[in-house]
Each structure stands twice: as C-alpha cells, then as structure tokens.
Amino acid sequence: MAGLLLGLLLLIAQSPPIPSRPADGSWGDVNDKGGGPGSPATPGPAPVVTAIPTAAGPNGTVRQLPGTIIIGVRKGGTRALIEMLSLHSQVAAAENEVHFFDWESHFEKGLPWYLSQMPFSQPEQLIVEKTPAYFTSSKVPERIYRMNPDIKLLLILRDPTERVLSDYTQVFYNRLQKHKHYQPIETVLVKDGEVNLEYKALGRSLYYQHMQNWLRFFPLENIHLVDGDQLIRDPLPEMKMVERFLNLTPQINASNFYFNKTKGFYCLRDHGRERCLHDSKGRAHPRVEPAILQKLYRFFHEPNRKFFELVGRTFDWN
C-alpha cells in the first residue's frame, strides 16, 4: 500500500505541464473562425486531463481542479461574487487570484502547480477560482477549453462607464497610498477633445469584443452572466440564478445578507458571523464633468448594443 501511495505522489510531482500548443496541431488554429455566436472555433477534440485530477489531503480532503471559474470582469464585482458564492456549503474557493491562464510565468509551471493553488476540499465540493483578468486576455479561452471544455464560467459585468470609473479609482488610491504621481481623471479619459482610446481601462469595458473570443470556444449556455449592478442593489436574486446555473442545492437565502448603512452596501452573514468586503471596495468615484460622461456614454452605446445582441439579453446601462 505504501509503495502505491509513493508511486502516485511521484506521478503527481513528475506530471509534465500541458504545452501551450499540441505538437501535432490536432486542436486546430486559434485564428480559425467559429460557426457563429456560441459555437467553438473548430479547436478539435479537447485534451482529457487525467494525470492530476486530484491530490490527497488530510482527513479525506483532496485538491481538485476548478469546476467553475469567475473569469471577470475587473472591477465588475468578482470579489463580492466569490464571497457570496462561498456562503454555500458545497463550494470551496481558491483564496487568491491565481492568474494561471494569463501569466506565462504561472502557466509554464503546468497543471500540477495550478492544482496546488486550489483549496483542500471534500470530494463532492465544487471548486471555484476567480481571476478577473481572464476575460480580457485573448489566449485564456483556448487554454481553459483545453483543460476542460465543459467547465462552467461565471462572468460578472457592470455598466461599462461605471466600470471604467471604478478602474481609475482603484489605480488612483493605489498610487496615492504609495505616494506616486497620478493623472487627473479628465486627462486619462479624454485626449484632444475625444475619448482617449489609449486608456486601457476603456478596452476592458468593450465586452462585445472580448465575449466574441470566448464564444469561439464555449457555447453561451456554459457562460452565466451576473449583473454586477444588480448584485450590489439586491444580491439574493442574482445568487439564486448562480446556484441554478451551477446545479447547487438551494441554500443561499435572505438571512445571508444585511444592508450596512455605514458602508452603503450589503454585507454577509454566515452561521451568525457577519463580514463585509474590504474597505477598498465600494469607494466613491471621482467627480467627472457631465460632458465627459456623455462622451463615454456615446462611445459605449454601439458596443453595448452589439453585446446585447450577442448574448441575447439586455442590461440597464447608460
């Protein structure tokens, strides 16, 4: 028995990482065009991950690869979503943003390293990790597909303009705390009287552009869209839809949430223990001139329309 366990441990330690592209090209060209929204882009048969599905832990626990991933979007409410999802007893969440599929320094370590970043859990639990940068990284959809083509993905979105302002606010406070120079918001949003297309935060809010890439590999039914604005206002209905999408036993209920008047948003209650998101969440945005806001609204109007058409639903965005 001891020899068998030793052999399994050696297999886990020596399992080679999945290459960035198969040697025989059997998974197709990532530049191939798909068969329309919701259809994978002829990537060929996905690999079956069998070398390291689990790693044994204490008291019958195991490390497992994720059954669902929160892929974004940055400043869309991903932290709130994973904290709320963790209220469910059938869910175990990775503690940190893993950045396995978008950082080459992590991806080249292979699936054994990725597995090591997952929490020990009961075999029947659903593992979830979140890395908001996945959504806007062009190489991530294929990499996740090749790990598990049937994985369920969660994507939480906010009004694109509000998301841009939150993006700026986070960077602003980070630089302020480090006593670094920062640019006023007007100078990053507008250049020569027009929307500054060089500002990366704008690109992160072009959901239509990024969603097209994901739908080349995953059907729409594998991607659940969470309304981040609605999650802030009334979290329970959004979380019940997430439960159904993930085929979880209904557990999350109204008693898990209470409105904190001081913070101005909902906090969580779990078995009598109350907790709120970090103080860095929910910060007030800087004031922006109405004329600049109107430029942003006009800029996002057509991409938003295309996104609504692509996913078959609308959101209450300006």
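Residues numbered from 1 in each chain as written. Predicted model: local features only at pLDDT ≥ 70, side-chain atom pairs only at ≥ 80, totals over all residues. Heavy atoms only, no water.

As recorded in an unreviewed UniProt entry, the protein goes by the name Sulfotransferase, listed as coming from Anguilla anguilla. Under the UniProt heading Subcellular location (unreviewed entry), the entry covering the protein gives this text: "Golgi apparatus lumen". Comment text from UniProt for the protein, heading Catalytic activity (unreviewed entry), reads "alpha-D-glucosaminyl-[heparan sulfate](n) + 3'-phosphoadenylyl sulfate = 3-sulfo-alpha-D-glucosaminyl-[heparan sulfate](n) + adenosine 3',5'-bisphosphate + H(+)". (UniProt positions renumbered as here; feature names shortened; annotations may be inferred.)

A. Expanded view of helix H11 (residues 235-245). Here H11 has its buried residues at Pro235, Glu238, Met239, Val242, Glu243 and Phe245. With its buried residues spanning 160° around the axis, H11 presents them on a single face. Looking at the buried positions of H11, the neighbouring elements they touch are helix H2 (78-85), strand S7 (152-157), strand S10 (223-227), helix H10 (228-233), strand S11 (257-260) and strand S12 (265-270). Backbone geometry just after H11 places asparagine 247 at a positive phi near 55°. (Buried < 20%, exposed > 50% of the residue type's maximum accessible area, 1.4 Å probe, protein only. Helix = DSSP H or I, 4+ residues; strand = E, 2+ residues; numbered from the N terminus. Arc of directions from axis to C-beta. Contact = heavy atoms within 4.5 Å.)

B. Layout of the packing of aromatic side chains. All told, the structure shown has 20 aromatic pairs when counted by the stated rule. Between the aromatic rings of tyrosine 207 and phenylalanine 307, the centroid separation amounts to 5.9 Å while the plane-to-plane angle is 65°, which identifies the pairing as edge-to-face. In this pair, tyrosine 207 is assigned in helix H9 (residues 207-215) and phenylalanine 307 in helix H12 (residues 290-311), connecting sequence segments 100 residues apart. Look at phenylalanine 307 and you get buried, because its relative accessible area is 0%. (Phe/Tyr/Trp six-rings, centres within 6.5 Å; stacked < 30°, edge-to-face > 60°.)

C. Examining the state of the cysteines more closely. Using the criterion set out here, one finds 1 disulfide in the structure. A disulfide bridge connects cysteine 267 with cysteine 276, and the sulfur atoms are separated by 1.8 Å. Every disulfide takes its handedness from the sign of the S-S torsion; for cysteine 267 and cysteine 276 that torsion is 105°, giving right-handed. (Disulfide = S-S within 2.5 Å.)

D. Broad picture of the pairing of S12. Judged from the 4 bridges that link them, S11 and S12 form a sheet pairing that is antiparallel. Within S12, the position partnered with tyrosine 258 by the bridge is cysteine 267. Counting the residues that bridge the hairpin from S11 to S12 gives 4 residues, and of these glycine 264 lies at a positive phi of roughly 85°. In the sheet, S12 pairs with strand S13 (residues 273-275) via 3 bridges, with the strands oriented antiparallel. Residue pairing across strands places arginine 269 opposite glutamate 274, the latter belonging to S13. Connecting the antiparallel pair S12 and S13 is a turn made up of 2 residues, with histidine 271 showing a positive phi of about 50°. (Pairing = 2+ DSSP bridges.)

E. Structural view of the sheet that holds strand S4 (residues 91-93). Reading across from one edge, S4-S6-S3-S7-S10 is the order of the 5 strands in this open sheet, with parallel pairing throughout. Of all the strands in the sheet, just S4 and S10 have a single pairing partner and so form its edges. Strand-to-strand twist of the sheet, defined as the mean angle between neighbouring strand axes without regard to direction, takes the value 25°. As paired strands, strand S3 (residues 68-72) and S7 are joined by 4 bridges and run parallel to one another. What sits directly across from isoleucine 70, in S7, is leucine 154. Against the sheet, H9 contacts S3, S7 and S10, and its axis sits at roughly 155° relative to S10. (Axes fitted to C-alpha atoms, helices over the stretch in contact; angles between N-to-C directions.)

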